[in-house]
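Residue-level structure breakdown
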Amino acid sequence: MAKRIDGKKISAAMLETVAAEVTELKKEGIEPTLAVILVGEDPASQVYVRNKQRACEQVGIRSVSHILPADTTQQTLLALIDTLNRDKSVNGILCQLPLPKHLDEEQVLLAISPEKDVDAFHPVNVGRITIGNADLLPCTPAGVMEMLRYENIPVAGKHCVVLGRSNIVGKPMALLLLAANGTVTVCHSKTENIAAYTRTADILVTAVGKQNFVTADMVKPGAVVIDVSINRNAEGKLCGDADFDAVSEVASCITPVPGGVGPMTIAMLMKNTVSAARAQSKK
Ligand code: NAP
């Protein structure tokens, strides 16, 4: 039976470390500050923003919210980002995605100063991640790496298979595993015979967004299964991509949904905000 990797416990340990760093920074007269922008009233986005604000409170980071109406223009949003870029008291800027359809998401992400880009979505930070010298790491994939480290799961020399190639999860996940000397295969919707790849994975990271996509027969006995996805089943309950009970019979370790990767993402955001505050204080 696979060990359940407890994302709540690991993220709580991380948040304690971050809180201690915040205390140190405050002694130096630096108050780490995260500006959060939410456009519109998407209920899921409202929940995510609230959770991020709560985490800020927990570790002592000051959070400043900018809640804008759904019909906000691109110009207004860019003007706000410009103000926050210039505001020396703001260390991190997060614009909650997705944005309403009429707004140009790519242009918005480009407008955030790379040094305040705590989601690490700006092409400059993506480039740094690719080269391997990034200060700000993409929160979800970096959270996964933190889990593997915490659980003493070696990556070097292992076959790591990533399901999904989005800019937010799949691609940066593959880059971080590669940087840790994993041998990485990325699968996507055009991959033929996915099971042939997954069955050879020592570490299988799934971020497809489809319930029961990963079945027990797709998993190598003893593999580590990291389930990034957040889906809803027919009863409306949260679930990941893996057929959890059946895959647990085959894998050596598995992350549950909820309570797995999700809490790690927020903890990494807090860590990035503190890193940004520290880096900016040295300028
Ligand atoms: P996304 O942009 O929709 O990407 C999904 C990926 O899955 C795409 O690369 C797609 O391939 C691939 N895919 C879709 N159907 C497939 C199939 N039948 N076979 C193989 N690959 C297939 O989603 P995302 O933003 O990466 O998020 C993925 C999941 O993670 C979602 O459930 C999301 O809610 C969750 N998530 C969780 C966290 C967290 O904190 N835990 C953070 C972010 C996202 P193509 O590229 O070919 O279309």
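Located above this text is the structure these notes cover.
Residues numbered from 1 in each chain as written. Predicted model: local features only at pLDDT ≥ 70, side-chain atom pairs only at ≥ 80, totals over all residues. Heavy atoms only, no water.

Right, let's talk about the site of the ligand for a bit. As a structural note, the neighbourhood of the ligand is formed by 20 residues, with Arg165, Ser166, Ser189, Lys210 and Thr265 the closest of them. With 3 residues, helix α10 (residues 261–281) is the largest single contributor of residues to the shell around the ligand. In terms of residue class, the shell around the ligand is built from 8 nonpolar, 10 polar and 2 charged. (Near = heavy atom within 4 Å. Helix = DSSP H or I, 4+ residues; strand = E, 2+ residues; numbered from the N terminus. Nonpolar A, V, L, I, M, F, W, Y, C, P; charged D, E, K, R; others polar.)

Let us look at the packing of helix α2 (residues 43–59) against α10. Between α2 and α10, the least distance of the axes is 10 Å, while the angle of their chain directions is 55°. Between α2 and α10, the crossing angle belongs to the class labelled oblique. Note on packing geometry: the crossing formed by α2 with α10 is right-handed. Contacts between α2 and α10 pair Asn51, Lys52, Ala55, Cys56 and Val59 from the former with Ile266, Leu269 and Met270 from the latter. The residue makeup of the contact of α2 with α10, split by class, is 6 nonpolar, 1 polar and 1 charged. (Axes fitted to C-alpha atoms, helices over the stretch in contact; angles between N-to-C directions. Parallel < 35°, antiparallel > 145°, perpendicular 65-115°, else oblique. Left-handed = near helix turned anticlockwise from the far one by under 90°. Contact = heavy atoms within 4.5 Å.)

Strands sit in the order β3-β2-β4 across an open sheet of 3 strands; the sheet is parallel. Edge strands, defined here as strands with exactly one partner in the open sheet, are β3 (62–68) and β4 (92–95). Ignoring strand direction, the axes of neighbouring strands in this sheet form an average angle of 15°. Across 4 bridges, the pairing between strand β2 (residues 33–39) and β4 is parallel. Within the sheet, the bridge partner assigned to Ala35 lies in β4 and is Ile93. The strands touched by α2 are β2, β3 and β4; relative to β2, the strand with the most contacts, the crossing angle is about 170°. (Pairing = 2+ DSSP bridges.)

Here 6 strands make up an open sheet; going across it, the order is β1-β11-β8-β7-β5-β6 and the pairing parallel. Every interior strand has two partners, whereas the edge strands, β1 (3–4) and β6 (183–187), have only one.

Moving on, we get to helix α1 (residues 7–27). When the terminal C-alpha atoms of α1 are compared, their 30 Å separation across 21 residues agrees well with the 30 Å that a helix rising 1.5 Å per residue should span. Buried within α1 are the following residues: Gly7, Ile10, Ser11, Met14, Leu15, Val18, Ala19, Val22 and Leu25. Contact partners of the buried residues in α1: α2, α6 (139–150) and α10. Of the residues that open α1, the one with a side-chain oxygen 3.0 Å from the backbone nitrogen of Lys8 is Asp6. Of the residues flanking the end of α1, it is Gly29, one or two places downstream, whose phi is positive at about 85°. (Expected span 1.5 Å × (residues − 1). Buried < 20%, exposed > 50% of the residue type's maximum accessible area, 1.4 Å probe, protein only. Polar contact = N/O pair within 3.5 Å; in protein donor to acceptor, adjacent residues only side chain to side chain.)

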